[in-house]
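Structural features, examined
Here is what each chain is made of, one letter per residue.
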Amino acid sequence: MSAPKFLLQFSLFLLLSNGVRAQNSETIDSLNKILSGKIADTSRARTLIALANEHYLESPEAAIVDCRQSLSVSRKINYDEGIGEACGWLAYLNEEIGQIDSAIRYYGIALECAKRTGSKKSEATIYNNLAAIYKDLGNIDEALKYHEISLAINKQLGSVDGIATSYNNIGLILQNKGKIPEALEYYSQALKIYEEQNISDGIATTLQNLGTVYREQKHFNEALKYFYRSLDVVNKAGDKYSSGYALNSIGGLYEDQNELDSAMKYYLQALAVRTLINDAQGMSYSLKNIGMVYEKKSQPDSAIACYSKSLSGFE
């Protein structure tokens with residue numbers, strides 16, 4: 001489980017710790033009513049971003065329109081904070097729809113605005129998010145460079161949660177490069193901070209990352225300890241979204257060891273949780289995993305049924 005991106009200034013990612021959030025039609029109506037009236041341009045720019053925040057989960061295209069309008073208004077009045085926020089949103093939304101070049105370009109504009117306004121927190125965030133893009137592109141050295149810049153800024157600011165996020169993300173990069181002892185050290189530093197600050201989603205994420213390292217090294221008992229600890233944390237926090245992820249990780253660990261009945265038990269639990277919160281993507285992954293277990297148990301009809309449902313969900 002990779003550490004999430006954080007847009008510390010941008011009003012984004014409200015769903016990270018609380019699962020999937022449906023758009024609120026009453027809020028949308030209220031925001032549209034405000035926009036239909038006479039308001040200052042700075043207020044209009046901020047209201048359009050608030051509208052994008054309501055639209056983006058169910059209608060990314062509408063959110064992009066909102067952000068472009070906000071950007072246009074902000075540019076007209078040379079409102080750097082508004083330009084930066086709109087570009088931060090547009091970067092994220094373009095990344096989500098696979099327009100990576102556009103995402104990098106918008107993050108670049110947002111970074112320039114952050115530097116002009118002196119918002120070091122936003123700088124750290126943007127470097128973090130750019131690093132995540134370069135990691136996904138396979139440019140690991142560039143990703144590591146940006147994460148280290150983000151970490152340096154967070155240390156300068158004394159941003160404890162930002163430092164922990166950077167440690168976690170650098171751990172992921174080092175793990176990807178096969179530098180396991182170094183990765184474990186960074187994860188351990190992140191976990192220590194999250195535990196001191198009692199940040200449950202950070203604790204759970206880092207425990208998942210530690211478990212994944214041990215799983216990849218085939219130290220299954222050690223990995224299982226971390227996955228169970230992560231599950232306990234998210235259950236106590238009432239975080240159903242992360243609970244589904246943790247249950248799926250445990251199922252995968254049992255599948256690695258060919259303990260198929262135990263794997264099926266946890267995959268089914270993950271599917272139940274994900275169905276409860278309508279996590280469509282998570283449900284599709286769970287169905288795929290259940291199908292794989294059926295296939296290994298030589299039950300092809302059940303496997304095909306699960307694969308078909310999984311494919312429909314992904315499509």
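Residues numbered from 1 in each chain as written. Predicted model: local features only at pLDDT ≥ 70, side-chain atom pairs only at ≥ 80, totals over all residues. Heavy atoms only, no water.

1. Observations concerning the overall build of the chain
Spelled out, the test is: In this description a helix means any DSSP run of H or I spanning at least four residues, a strand means any run of E spanning at least two, and both kinds are numbered starting from the N terminus. Only C-alpha atoms enter the radius of gyration; for comparison, a globular chain is expected to reach 2.2 Å times N to the power 0.38, where N is the number of residues. Here the accessible surface of atoms and residues is derived via Shrake-Rupley with a 1.4 Å probe, and residues count as covered only by protein chains that are part of the display. Think of it this way: Lys and Arg go in the positive column, Asp and Glu in the negative one, and His and the chain ends go nowhere. A charge is said to be at NZ when it belongs to Lys, at CZ for Arg, at CG for Asp and at CD for Glu.
Scanning the chain from terminus to terminus reveals 15 helices and zero strands. At 21 Å, the chain has a C-alpha radius of gyration in line with the 20 Å of a compact globule built from 315 residues. C-alpha extents for the chain along the principal axes are approximately 65 × 40 × 35 Å. Carbon and sulfur atoms form 48% of the exposed surface of the chain, whose accessible area is close to 15200 Å². The positive charge centre, built from 32 side chains, and the negative charge centre, built from 37, are 2 Å apart in the chain.

2. Things to note about the side chain of Thr-47
Rule in force here: In protein, a polar contact requires one atom able to donate a hydrogen and another able to accept it; more generally it is a pair of N or O atoms within 3.5 Å, and residues adjacent in sequence count only if both atoms are side-chain atoms. Contacts: residue pairs with any heavy atoms within 4.5 Å of one another.
You can see Thr-47 is positioned in helix α2 (residues 41-55). At 2.7 Å, the side chain of Thr-47 and the backbone oxygen of Ser-43 are in polar contact. Setting aside anything within four residues of it in sequence, one finds Thr-47 in contact with Leu-31, Ile-34, Leu-35 and Ile-39.

3. Some thoughts on helix α14 (residues 280-296)
Applicable threshold: Helix span is expected to be 1.5 Å times the residue number reduced by one. Under the scheme applied here, a residue whose accessible area is under 20% of the maximum for its type counts as buried, over 50% as exposed, and between as partly exposed, the area being computed with a 1.4 Å probe on protein chains only.
For α14, spanning 17 residues, the distance from its first C-alpha to its last is 25 Å, which sits close to the expected 24 Å at 1.5 Å a residue. Looking only at α14, the buried set comprises Gly-282, Ser-284, Ser-286, Leu-287, Asn-289, Ile-290, Gly-291 and Val-293. Residues of α14 that are buried sit in contact with α12 (240-256), α13 (260-276) and α15 (300-314). After α14 finishes, the residue Ser-298 shows a positive phi value of roughly 60°.

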